[in-house]
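Residue-level listing of the chains:
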Amino acid sequence: MFIGTIGELMYIPIKQAMIGELAPSNARSTYMAFNSLTMYGAMIISSLLIIIGEWIRPIYMSGLLLILGLTGTFLYYIITKSLYAKVSEQNERKVPVSS
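Treat the numbers as computed from the prediction; the structure is a model and nothing was measured.

**Things to note about the confidence of the model for the chain**
Averaged over every residue, the pLDDT of the chain is 83; the share at 70 or more is 95%. Mean pLDDT in the chain bottoms out at helix H1 (residues 2-22), which sits at 81, and peaks at helix H3 (residues 58-94), which reaches 85.

**Remarks on a nonpolar patch on the surface**
Taken together, the side chains of Ile 44, Leu 48, Ile 51, Ile 52, Trp 55, Ile 56, Ile 59 and Tyr 60 present a nonpolar region at the surface, about 860 Å² in accessible area. Those elements that place two or more of their residues in the nonpolar patch are helix H2 (28-53) and H3. Top contributing element to the nonpolar patch by residue count: H2, with four residues. Relative to the helices and strands, Ile 52 resides in helix H2. Here Ile 52 falls in the partly exposed class, since its relative accessible area comes to 32%.

**Regarding H3**
Its 37 residues place the ends of H3 54 Å apart at the C-alpha level, agreeing with the 54 Å of an ideal helix rising 1.5 Å per residue. Those residues of H3 that fall on the buried side of the exposure criterion are Met 61, Thr 80 and Leu 83.

**Comments concerning the side chain of Thr 80**
Within the element layout of this structure, Thr 80 appears in helix H3. On the basis of relative accessibility, which here comes to 15%, the residue Thr 80 falls in the buried class.

How each quantity is defined
- Think of each chain on its own: its residues are numbered from 1, step by step along the sequence as written.
- For this predicted model, a pLDDT threshold of at least 70 governs which residues receive local features, and a threshold of 80 or more governs which side-chain atom pairs are given and counted, while totals over whole chains, interfaces and linings are taken from all residues.
- Heavy atoms from the whole structure form the basis of all side-chain values; hydrogens and water molecules are not counted.
- Every residue gets a pLDDT, meaning the predictor's confidence in that residue, from 0 to 100.
- The secondary structure listing takes helices from DSSP runs of H or I that are at least 4 residues long and strands from runs of E that are at least 2 residues long, numbered from the N terminus.
- Patch members must show over 30% relative accessible area and no salt bridge, and they are joined within 9 Å when carrying like charges or within 5 Å when they are nonpolar side chains of Val, Leu, Ile, Met, Phe, Trp or Tyr.
- We get accessible surface area from the Shrake-Rupley algorithm with a probe of 1.4 Å; when it comes to residues, only the shown protein chains can shield them.
- Put simply, a salt bridge is a Lys or Arg side-chain nitrogen that is within 4 Å of an Asp or Glu carboxyl oxygen.
- Using a 1.4 Å probe on the protein chains alone, a residue whose accessible area is under 20% of its type maximum counts as buried, one over 50% counts as exposed, and one in between counts as partly exposed.
- Given the number of residues in a helix, its expected span is that number minus one, multiplied by 1.5 Å.

So this is what it looks like as structure tokens:
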């Protein structure tokens, strides 16, 4: 439980900072509200996986969990990539061009 708590303390501020950077200033509250729905979505998926786990073999369940994990990792990669592109674009605008 201690390791999970430390992991959450490291993860949540980074996640909220990324959302704050990605969201346009006029829609930041909408982004944060939609982000709060992710916990409910995760609970629905985990509940469905418990039900599905009764009907399928463990190897297929492992494959399904692997696919879900890889999908989440890929989506995280896309978001991080777009965040870095946005930050570098903002930094390029701040650098004065000498003539």
